[in-house]
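# Understanding the architecture of this molecule
Chain residues, written in single-letter form:
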Amino acid sequence: MNSPFTAVKPSTRKRVLVTGGAGFLGSHLCERLLDAGYDLLCVDNFYTGTKDNLLHVLANPHLELMRHDVTFPLYVEVDEIFNLACPASPIHYQFDPVQTTKTSVHGAINMLGLAKRVKARILQASTSEVYGDPEVHPQREEYWGRVNPIGVRACYDEGKRCAETLFFDYRRQHGLNIKVARIFNTYGPRMHPNDGRVVSNFIVQALRNEPITLYGDGSQTRSFCYVDDLIEGLLRLMATPDDFIGPVNLGNPGEFSIKELAEKVIELTGSHSVLSYHPLPSDDPVQRRPDIALAQNVLSWEPKVHLEEGLRRTIAYFDALLSGKRESQ
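Rules behind the numbers
- Residues numbered from 1 in each chain as written.
- Predicted model: local features only at pLDDT ≥ 70, side-chain atom pairs only at ≥ 80, totals over all residues.
- Heavy atoms only, no water.
- Pairing = 2+ DSSP bridges.
- Helix = DSSP H or I, 4+ residues; strand = E, 2+ residues; numbered from the N terminus.
- Axes fitted to C-alpha atoms, helices over the stretch in contact; angles between N-to-C directions.
- Contact = heavy atoms within 4.5 Å.
- Expected span 1.5 Å × (residues − 1).
- Buried < 20%, exposed > 50% of the residue type's maximum accessible area, 1.4 Å probe, protein only.
- Phe/Tyr/Trp six-rings, centres within 6.5 Å; stacked < 30°, edge-to-face > 60°.
- Polar contact = N/O pair within 3.5 Å; in protein donor to acceptor, adjacent residues only side chain to side chain.
- Parallel < 35°, antiparallel > 145°, perpendicular 65-115°, else oblique.
- Left-handed = near helix turned anticlockwise from the far one by under 90°.
- Core = buried A, V, L, I, M, F, W, Y, C linked by side-chain atoms within 4.5 Å.
- Nonpolar A, V, L, I, M, F, W, Y, C, P; charged D, E, K, R; others polar.

### Things to note about the sheet that holds strand 4 (residues 80-83)
Ordered in space as 3-2-1-4-5-6-11, the seven strands form an open sheet in which the pairing is parallel. Because the sheet does not close on itself, it has two edges, and the strands there are strand 3 (63-67) and strand 11 (248-250). Between one strand and the next, the sheet's axes are offset by a mean angle of 20°, whatever the strand orientation. Where strand 5 (residues 121-127) and strand 6 (residues 178-183) come together, six bridges link them in parallel fashion. By the bridge assignment for strand 6, L123 is matched with K179. Contacts between helix 3 (residues 97-118) and the sheet are confined to strand 1 (15-19), strand 4 and strand 5, with strand 4 contributing the most and set at about 170° to the helix. Contacts between helix 6 (residues 227-238) and the sheet are confined to strand 4, strand 5, strand 6 and strand 11, with strand 6 contributing the most and set at about 160° to the helix.

### A closer look at helix 3
The end-to-end C-alpha distance of helix 3 is 31 Å, a good match for the 32 Å that 22 residues give at a rise of 1.5 Å each. By the burial criterion, the buried members of helix 3 are T100, T103, S104, V105, G107, A108, N110, M111, L112, L114, A115 and V118. Just downstream of helix 3 lies K119, where phi reads positive at about 60°.

### Observations regarding the packing of aromatic side chains
All chains considered together, the criterion is met by four aromatic pairs. Arranged with centres 6.1 Å apart and planes meeting at 40°, the rings of Y131 and F184 form a pair that is tilted. Of this pair, Y131 sits in the loop between strand 5 and helix 4 (154-174) while F184 sits in the loop between strand 6 and strand 7 (186-187); the two residues are 53 residues apart in sequence, bridging distant segments of the chain. The exposure class of Y131 is buried, given its relative accessible area of 0%. One aromatic cluster is present, built from ring pairs that chain together Y131, Y143 and F184.

### Things to note about the side chain of N177
Residue position: N177 is located in the loop between helix 4 and strand 6. Among the polar contacts made by the side chain of N177, one reaches the side chain of D242 at a distance of 2.9 Å. Not counting residues up to four positions away in its chain, the partners in contact with N177 are A120, R121, I122, R171 and D242.

### As for the packing of helix 5 (residues 198-207) against helix 7 (residues 258-269)
Two elements in contact, helix 5 and helix 7, have axes whose closest approach is 9 Å; the angle formed by their N-to-C orientations is 40°. The angle between helix 5 and helix 7 falls in the class oblique. At the point where helix 5 passes helix 7, the crossing takes the right-handed sense. Note on element contacts: helix 7 touches helix 5 through I258, L261, A262, V265 and T269, opposite V198, V199, F202, I203, A206 and L207.

### Observations concerning the nonpolar core
With 62 residues, the main nonpolar core has L33, F82, V199, F202, L261 and L311 as its most contacted residues. Excluding residues within four positions of it along the chain, F82 makes contact with V16, L17, V18, T19, L29, L33, L123, L234, L235 and M238. Residues M111, A120, I122 and I245 belong to the second largest nonpolar core, which totals 27 residues.

### A few points about the environment of P253
Assignment of secondary structure puts P253 in the loop between strand 11 and strand 12 (256-257). P253 sits 129 residues away from Q124 along the chain, and the two C-alpha atoms are 21 Å apart. For P253, the contacting residues outside a window of four places in its chain are S223, R289, P290, I292 and P303.

### Digging into the packing of helix 5 against helix 9 (residues 307-322)
Following both chains from N to C, one finds helix 5 and helix 9 inclined at 55°, their axes separated by 10 Å at the closest point. Here helix 9 runs oblique to helix 5, going by the angle between their axes. Here the hand of the crossing between helix 5 and helix 9 comes out right-handed. Packed against helix 5, whose contacting residues are V199, S200, I203, V204 and L207, the element helix 9 presents L311, T314, I315, F318, D319 and L322 at the interface. For the contact of helix 5 with helix 9, the residue count by class is eight nonpolar, two polar and one charged.

Next up, the structure:
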């Protein structure tokens, strides 16, 4: 799969803004954009992101790192905007749910306002959580979702749904050049070890030989996309013609039960951990798997990294992190 993103000449170098650029996904995206030769402004308030994720690129003369919260306006000159700013794990987004909603909604308004002013193309990192606990399986982009608007996950789910509404209304009302990606579960190096997401949780617990925490009976399913594949999808979406706006699902259609994932992590780590069952959290989806036909047809994109290989790379990262031997990856 050849990427449409190739190195650019200095005379044609685009100025790109990535919000949430010090986070898990954002740092990988920043790395790819810098490798391609773009002038990059990385914006983050460091609520969940960290400079450690960018240490290996901080010396790049084409990178500018700015501490800024997207709930406040930003006045810069850029050609493209990747709006990734928002805590994505339940532990983090439920800690301050009002701020989570503000980040999605006010953040979208501010970035759309910036895009309108400077006539920039803008991509919204939306989420599979807009589908809620789905009644349709697998999930296609045409499905409107089944979301509890007053539940504990609503600050994230409804915040992202409202952000999509704003993007499409700015397109209809102001003719903005928008792209909307719905991101399914993504994993890989630079995940936060305490973010409560299932892959990082299981790996950290397994490496420590602690009980693996499963909620419910572990039969609920998820689809896991390795971070390199996901970033390639975002870049391809941003490079599509103006008349393609999405939303488009980006994720791995391979479906695994949470119990299967836990057993695979124990196997790959050689851990002595045992499975520990706990009550299922409120509004936790029973099934989640993307239909990626649209991404395959329009973006010529599909994931390449199989779950076992991706887990091996992620386990190596966390093993180094927990042992204090991590180098920037």
